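Structural description and commentary
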Amino acid sequence: MNHLIEGLKMGLLKASGLLLLPLLLTACDSTPRDRQEVTREGVRELDTLARKAGQRLSNVGKAAATYDASNRARRKQPLDPRKEIAMENQLMGPYSGQLDNLTPADLPNAYAQLIRSARTQRTTWTDRDWDYARAVYKRLNDQAKQVSMDIPARDEVRIRARQAEFVALQVGRTAEGLKEASKRQAQASK
């Protein structure tokens, strides 16, 4: 979304430059009436750009609200325990079924397994698949909290880095979802 706003700012800056350039070029050899007409044309161009930017921003806002509402509705639905176990098997490999019993020595490798699997599978995941992946991630985090006092500092740093990467993967999916929703909103408003 920041990219879109920056693009809108740049477009308005360019448009204001377009307005000033003809004024500067015509200032020496023109009459006040000529400069007035050039100014009117520049203002019309700015108005058009501002109107388009406002429409785009409105579409992005509507898309974000729609995306957020659909996420809330989906997350209210309980997860299917069988699908949650299947996702745990996919993500955790040899650690599957053992999340509640992992020791401080097991956790760094368990997080590494989770991240490796998430990296390779995330491109095919739906939003609902991400819900199941988050549930597995939450269970792993819960176990890490249970034994946190016994985790060596070097391992804790590795665990935190992998937690940050998982969150970054989720944010990437959310950004893709917002982008898709914005495209749909723009097409619907045409």
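As a reminder, the structure under discussion sits directly above these lines.
Summary of the structure given here.

Reading guide: rules and limits
- Residues numbered from 1 in each chain as written.
- Predicted model: local features only at pLDDT ≥ 70, side-chain atom pairs only at ≥ 80, totals over all residues.
- Heavy atoms only, no water.
- Core = buried A, V, L, I, M, F, W, Y, C linked by side-chain atoms within 4.5 Å.
- Buried < 20%, exposed > 50% of the residue type's maximum accessible area, 1.4 Å probe, protein only.
- Helix = DSSP H or I, 4+ residues; strand = E, 2+ residues; numbered from the N terminus.
- Contact = heavy atoms within 4.5 Å.
- Phe/Tyr/Trp six-rings, centres within 6.5 Å; stacked < 30°, edge-to-face > 60°.
- Axes fitted to C-alpha atoms, helices over the stretch in contact; angles between N-to-C directions.
- Parallel < 35°, antiparallel > 145°, perpendicular 65-115°, else oblique.
- Nonpolar A, V, L, I, M, F, W, Y, C, P; charged D, E, K, R; others polar.

Here's the deal with the nonpolar core
Judged by nonpolar contacts, the single largest core of 25 residues is most densely connected at Leu91, Met92, Leu107, Leu114, Leu140 and Phe166. Looking at this core, the elements with two or more residues in it are α3 (81–92), α4 (107–121), α5 (127–146) and α6 (153–188). In terms of residue count, α5 provides more of this core than any other element does, seven residues in total. If sequence neighbours within four positions are ignored, Leu140 has contacts with Met92, Leu99, Leu102, Leu107, Ala110, Tyr111 and Leu114.

Looking at the side chain of Gln121
With respect to the helices, strands and loops of the structure, Gln121 is situated in helix α4. For Gln121, a relative accessible area of 19% puts it in the buried group. Aside from chain neighbours lying at most four places away, what touches Gln121 is Gln90 and Leu91.

Some details on the packing of aromatic side chains
Evaluation of the coordinates by the stated rule reveals three aromatic pairs. Centre to centre, the rings of Tyr137 and Phe166 are 4.2 Å apart; their planes meet at 15°, and the pair counts as stacked. Note that Tyr137 is positioned in helix α5 and Phe166 in helix α6, a separation of 29 residues in sequence. With a relative accessible area of 11%, Tyr137 lands in the buried category. Judged by relative accessible area, which is 0%, Phe166 ranks as buried. An aromatic cluster of at least three residues, connected via ring pairs, comprises Trp125, Trp130, Tyr137 and Phe166.

Here we look at the packing of α3 against α5
Between α3 and α5, the least distance of the axes is 9 Å, while the angle of their chain directions is 70°. Classified by the angle between their axes, α3 and α5 sit roughly perpendicular to one another. For the pair formed by α3 and α5, the contact residues are Lys83, Glu84, Met87, Glu88, Leu91 and Met92 on the first element and Asp129, Tyr132, Ala133, Ala135, Val136, Arg139 and Leu140 on the second. Tallied by class, residues from the contact of α3 with α5 come to eight nonpolar, no polar and five charged.

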